[in-house]
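Now for the letters of each chain:
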4 protein chains.
Amino acid sequence: MHFASDNSGPANPEILTALNAANTGYAMGYGADEEMAKVTARIREIFEAPEAAIYLVATGTAANVLALSTLSQPWQTLFCSAPAHINMDECNAPEFYTGGAKLTLVTAADKMTPANLRAAIEGEETRGVHGPQRGPVSITQVTEFGTVYTVDELAALGDVATSYGLPMHLDGARFTNALVSFGGTKNGCMGVEAVIFFDPAKAQEFEYRRKRGAHLFSKHRYLSAQMLVYLTDDLWLRNARAANAKAARLATGLRNAGAHFSHEPQANMIFAALPRATHQRLFDAGAVYHLWDGTLDGAAEEELTARFVCDWSIGDDQIDAFLALL
Amino acid sequence: MHFASDNSGPANPEILTALNAANTGYAMGYGADEEMAKVTARIREIFEAPEAAIYLVATGTAANVLALSTLSQPWQTLFCSAPAHINMDECNAPEFYTGGAKLTLVTAADKMTPANLRAAIEGEETRGVHGPQRGPVSITQVTEFGTVYTVDELAALGDVATSYGLPMHLDGARFTNALVSFGGTKNGCMGVEAVIFFDPAKAQEFEYRRKRGAHLFSKHRYLSAQMLVYLTDDLWLRNARAANAKAARLATGLRNAGAHFSHEPQANMIFAALPRATHQRLFDAGAVYHLWDGTLDGAAEEELTARFVCDWSIGDDQIDAFLALL
Amino acid sequence: MHFASDNSGPANPEILTALNAANTGYAMGYGADEEMAKVTARIREIFEAPEAAIYLVATGTAANVLALSTLSQPWQTLFCSAPAHINMDECNAPEFYTGGAKLTLVTAADKMTPANLRAAIEGEETRGVHGPQRGPVSITQVTEFGTVYTVDELAALGDVATSYGLPMHLDGARFTNALVSFGGTKNGCMGVEAVIFFDPAKAQEFEYRRKRGAHLFSKHRYLSAQMLVYLTDDLWLRNARAANAKAARLATGLRNAGAHFSHEPQANMIFAALPRATHQRLFDAGAVYHLWDGTLDGAAEEELTARFVCDWSIGDDQIDAFLALL
Amino acid sequence: MHFASDNSGPANPEILTALNAANTGYAMGYGADEEMAKVTARIREIFEAPEAAIYLVATGTAANVLALSTLSQPWQTLFCSAPAHINMDECNAPEFYTGGAKLTLVTAADKMTPANLRAAIEGEETRGVHGPQRGPVSITQVTEFGTVYTVDELAALGDVATSYGLPMHLDGARFTNALVSFGGTKNGCMGVEAVIFFDPAKAQEFEYRRKRGAHLFSKHRYLSAQMLVYLTDDLWLRNARAANAKAARLATGLRNAGAHFSHEPQANMIFAALPRATHQRLFDAGAVYHLWDGTLDGAAEEELTARFVCDWSIGDDQIDAFLALL
């Protein structure tokens, strides 16, 4: 009954099999391994982007901040929503890697709207050199609240950014759960993320940034091997579909039990409110998940929202045991 | 016949076995996994340091620069030798992580002497606020030229640093090959390094620095599992002894063939000079290693130094085949 | 009829007289001049702080960001109001000098309340290493909207900060216009600001930061001379009282003419709304000031707020000419 | 008898007269003052560079590090001589402003030679992403040892830089003492330096950097006024010629008294060796200058080199009094 994070579950066994297979003989280090060439070819094929430059790192934060620092200048401000991982959960890594750029928070219940994005950009009228200059727009897909931008919604946000000449960055830690994926760690890998530059003009700069950020792996083949098997035989889609299906099963059960949803679940995360006494009972029985807007101290009948995340590996029996308790 | 780097070989199969074993069920992320508690206990035991704080990262550069930034201030200069990895091979990562500290190069043929270290420190007379202030001393063990500081030599360098009130940093990427180890990546792991604070006063700061450097792993158990098995049943010592023994076999053969050694081999790296024509012949036959002070263009009889590195996995048959060719 | 900024007017002639007097013979550079010793003594006397360390720089932004970087760590967030100069008008200088700290915006109409400050601090629950840690609270006195914190209000904000163990920073660019002064540039000097550390523990660090920020003046005597005469014979108070008196005269006239005030004027800045057609007429007649919430394009009868700033030197005849036009 | 630094003397009275003249009425801030337009026109005329972008700052370190950060990337290394001000005397300001670039020291007795510069550049073979990339070459004119590059020597160094595609930076703190000037502070101004971009492509970036470095003056007219009078009626040349003539008088006297010169004096700085007992006697009589390679503790007859700097204002009577003592 573990719903704390998609980071808590095991890697898909196919990942381990691939690592074992990669562990023979000698391989050139620092990204010059043969598997990496295959990863590049595969991602170019998936995205129909024959010129794209592709790089692997081991953490999602590294992928975000290396990409953002390549897209921005230290005197700019980046546009993101308040709950964005880059704002809430990276301990100022974006400010560190960009050399001191700022974040401007776009109002968003969960998904950013074009109107709110435009208002935030307009609010940063640049006033010559006095205020920060406008920098990239960063969107998270799947959002931090488990909702999913449609292709049209993403395109509309992109149109706003383009109208101001600003680049877009997509934090796709859970992107597969929507459509396609950059991030592997949260979706059944051990630790690997791909950064994709559809325009390779900045690729060389990224390489220097990755190295000086201490994120270039000497034994790079073990990153490549994970990403390669992840993109082979649709493992990425199979993992994501499994996680989404589990979350749908859990959401149905929660709904039947009278839980209230603050965001409509669309992927593998559920934000549902239950009475405090119910949470207490579930925790006592061994369920693992995070309360989102309060603690166990307080009135028994008051409702508290909790976040439930399903990873690819969670068993139906675990979900059903949890729902039975509920 | 692969002697390019100890980063090129495979991980010891025991590492893979441990990763497989760790890959079941749920585990708390970000260093709160159960294996990490065991790693901490084991390292404290090995170093007889019951208060030590221990952290894992995935690259040697990350271990170096996170540690150095915790020990220094941006207005200081760090003392190291010119061939030090932090000077030559980290693309300014130390300058980035320290917020702009400087490196002062200590004269050293391979090992730093107390007299040369003292001279470098004296050379940085601080002149009030105008020059950089004196910062930590960084020593590499095994040195970049394959030589090993004795315990007495390290103590003497430590005495110099202490006499100026400066902290010491030990870059132990190949430390096991000398005595004990911090670094696992170059010694048969897939990618894991331990940073050990014997005085835990700075441990909290290190945690913030690791996170904002994007080096805190969500699925941390896979780092822990590597380090744990590495420190169990002396795998670290077995790997290092194997690599050193292979290098000794290779060095003997090279010596018998008339090679000249610019540094006396003491661990798993050999710097040996051979005629250019010999290098050409060896490369043509499939040997893999790096020339150190020149290229294949030039007089056939001129001697060029090359670096040969033996990893734990290199077969005696490979060494003998190489020596037979030679 | 120039009300654009207190940066636009001339320096008080007494400042020039002092510079002329200081311009004889030789003086030690970099803050070791004799005038600086007198500045230190005078500020310690005014603030009844015999241990205080005092430093001079030439710009208000330098004073702010050097002080804030000394009080904070790169992994922290600073609390300030949205219109704070450090948020709006310093082109990310705080992020640059702190090495990448973040700003958390405290809700404030003009003055920050203890409740809003507390809410902002609580909102930055630190969640281990994931979010930024809580850092200093920065207050601007006089506020960017020309209102003045009472001593009791400042004390109440200080109590909130202290209850969380956070240091306080006071941006006193217009502090004299309230009570006492740090900043000289906006109050009749040519360019000089004092940074005062009531606790000298961080003074040495500040010196390194000032130097590496390129803000230590070699011919420092010209900063000292300005600050010394500024603090002699109450020039600071005379300048501030003059500016406040001029602003009161202007405010009375504006009120009589039917202007609406979005903030009650308490120092030398006035935010007053007039119909667009009136602004157009005043600009056409040569008045100089900034519109705050709109442009001249639009309905003639719509009211737009403008900012009017009086410096120490503005003549009553200029104010009366402006009011006559109005 | 004050020969400590060209920073110790007074500003030329013409500078004060210009400041007084500028101190009337209102002027736009932040570089939009009318005097600045005249400064730009005058510098473009002097350098026959009608497209040049010109900026003023108040310290030489600010001029150096803002310019260098605009010319380089954080993953590059800058080439300069060991005694260069940016290496010795700026407390890591270049590392701070560039975001962590490194300095590579070019061997130089006083002036850099093309061969030594080329050797230093070649030594930074880039080895892919591992080492720092090659960045700008920084030359100091007049050198820190008072010698002067000829136009041909500068052109030859420029040719080396160009052959590697590297930009050149000229630290001209004492440039007038050679030929023309950027720096005013050491040459009779109160505190002003000009940064000149002959190619304005980077000018916009410089403006952001100056602002976020806290080096944009609100009351900018007082910088402009200094620079304007400095460039009018050859004040810059008159000051420099005066300082050079004084130094020549002093050097002749020193030579006649048997002093030994470690560098042949070519501008306003002299490095001359005298017996320790002589230094003691001169200091006792009130002379002020810096010993360069030792202290007063030691054998009376041993020779110690001292640095003597003449500023524009030193009186012949002071020099003659000093020589009489000698």
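Scroll up to find the structure.
To start, this report covers the structure provided alongside it.

## Re the relation of the copies chain C and chain D
With an RMSD of 0.0 Å, the fit of chain C onto chain D corresponds to turning through 180 degrees and sliding 0.0 Å along the axis. Here the two chains are linked by the operation of a two-fold rotation axis. Across chain C, the rotation axis passes nearest the C-alpha of Gly213 of chain C, at a separation of 3.6 Å. When you check the interface residues of chain C against chain D, 100% turn up at the interface there too, and the contact is symmetric in its surfaces.

## Structural notes on the environment of Pro50 of chain B
Relative to the assigned elements, Pro50 of chain B resides in the loop between helix H2 (34–46) and strand S1 (53–57). Counting along the chain gives 148 residues from Pro50 of chain B to Phe198 of chain B, while the straight-line C-alpha distance between them is 8.7 Å.

## Side note on the packing of helix H10 (residues 235–256) of chain A against helix H12 (residues 316–325) of chain A
All names here are of chain A. Relative orientation of the contacting elements H10 and H12 amounts to 10 degrees, with a least axis distance of 10 Å. Classified by the angle their axes make, H10 and H12 are roughly parallel. The two elements H10 and H12 meet at a crossing, and its hand is right-handed. Contacts between H10 and H12 involve Lys246, Arg249, Leu250, Gly253 and Leu254 from the former and Asp316, Ile319, Asp320, Phe322 and Leu323 from the latter. For the contact of H10 with H12, the per-class residue count stands at five nonpolar, one polar and four charged.

## Observations regarding the interface of chain C and chain D
Taken together, the contacts link 48 residues of chain C with 48 residues of chain D. Put simply, chain C and chain D have zero salt bridges between them. One can count 20 residue pairs in polar contact (both at pLDDT 80 or more) joining chain C with chain D. Every element with two or more residues in the side of chain C that touches chain D is listed here: helix H1 (13–22), helix H3 (60–71), helix H5 (93–98), helix H8 (203–212) and helix H9 (221–230) of chain C. Considered class by class, the residues forming the side of chain C that touches chain D number 23 nonpolar, 17 polar and eight charged.

## Thoughts on the side chain of Asn92 of chain A
Among the secondary structure elements, Asn92 of chain A is positioned in the loop between helix H4 (85–88) and helix H5 (93–98). Its relative accessible area of 1% is what places Asn92 of chain A among the buried residues. Within polar-contact distance, the side chain of Asn92 of chain A engages the backbone oxygen of Pro74 of chain C at 3.0 Å. Not counting chain neighbours up to four residues away, the residues in contact with Asn92 of chain A comprise Arg212 of chain B together with Pro74, Trp75, Gln76, Gly100, Ala101, Lys102 and Pro132 of chain C.

## Focus on the packing of aromatic side chains
Residue and element names in this part refer to chain A. Throughout the structure, instances matching the rule amount to 46 aromatic pairs over all chains. Taken together, the aromatic side chains of Phe3, Phe283, Tyr289, Phe308 and Phe322 make up a single cluster linked through ring pairs. The lysine or arginine in question, Arg255, covers the ring of Phe261, its NZ or CZ lying 4.5 Å from the ring centre.

## Re the sheet that holds strand S9 (residues 290–291) of chain B
All names here are of chain B. In space, the four strands of this open sheet follow the order S7-S8-S10-S9, with antiparallel pairing throughout. Strands at the two margins of the open sheet, each flanked by one partner only, are strand S7 (260–261) and S9. Bridge count between S7 and strand S8 (residues 269–275): two bridges; the pairing is antiparallel. Bridge pairing links Phe261 to Ala272 in S8. The strands touched by helix H10 (residues 235–256) within the sheet are S7, S8 and strand S10 (303–309), with S8 carrying the most contacts at an inclination of about 20 degrees. Packing of helix H11 (residues 276–284) onto the sheet brings it into contact with S8, S9 and S10, and relative to S8 it is tilted by some 115 degrees.

## Comments concerning the interface of chain A and chain B
With 48 residues of chain A at the contact, the number on the chain B side is 48 residues. Interface area for chain A against chain B, summed over the two sides, is near 4,100 Å², with a carbon-plus-sulfur share of 60%. Taken as a group, Tyr26, Phe96 and Lys219 of chain A account for 20% of the area that chain A buries against chain B, more than any other trio of residues on that side. Where chain A packs against chain B, one counts zero salt bridges. For the pair chain A and chain B, the number of links is 18 residue pairs in polar contact (both at pLDDT 80 or more). Counting residues per element, the ones that place at least two in the side of chain A that touches chain B are helix H1 (13–22), helix H3 (60–71), H5, helix H8 (203–212) and helix H9 (221–230) of chain A. Per-class residue counts for the side of chain A that touches chain B are 23 nonpolar, 17 polar and eight charged.

## Focus on the pattern of salt bridges
What the rule picks out here adds up to 40 salt bridges over all chains. The partner of Glu95 of chain A in a salt bridge is Lys102 of chain C, and the shortest N-O contact between them spans 3.0 Å. Of this pair, Glu95 of chain A sits in helix H5 while Lys102 of chain C sits in strand S3 (residues 102–106), each in a different chain. Residue classification places Glu95 of chain A among the buried positions, given a relative accessible area of 2%.

Cut-offs and rules
- Residues numbered from 1 in each chain as written.
- Chains lettered and ligands numbered in written order.
- Predicted model: local features only at pLDDT ≥ 70, side-chain atom pairs only at ≥ 80, totals over all residues.
- Heavy atoms only, no water.
- Least-squares fit on C-alpha atoms with pLDDT ≥ 70 in both.
- Contact = heavy atoms within 4.5 Å.
- Helix = DSSP H or I, 4+ residues; strand = E, 2+ residues; numbered from the N terminus.
- Axes fitted to C-alpha atoms, helices over the stretch in contact; angles between N-to-C directions.
- Parallel < 35°, antiparallel > 145°, perpendicular 65-115°, else oblique.
- Left-handed = near helix turned anticlockwise from the far one by under 90°.
- Nonpolar A, V, L, I, M, F, W, Y, C, P; charged D, E, K, R; others polar.
- Salt bridge = Lys/Arg side-chain N within 4 Å of Asp/Glu carboxyl O.
- Polar contact = N/O pair within 3.5 Å; in protein donor to acceptor, adjacent residues only side chain to side chain.
- Buried < 20%, exposed > 50% of the residue type's maximum accessible area, 1.4 Å probe, protein only.
- Phe/Tyr/Trp six-rings, centres within 6.5 Å; stacked < 30°, edge-to-face > 60°.
- Lys NZ or Arg CZ within 6 Å of the ring centre and 35° of its normal.
- Pairing = 2+ DSSP bridges.
- Buried area = accessible area lost by both parts, 1.4 Å probe.

By themselves, these figures tell us nothing about what the structure is for.
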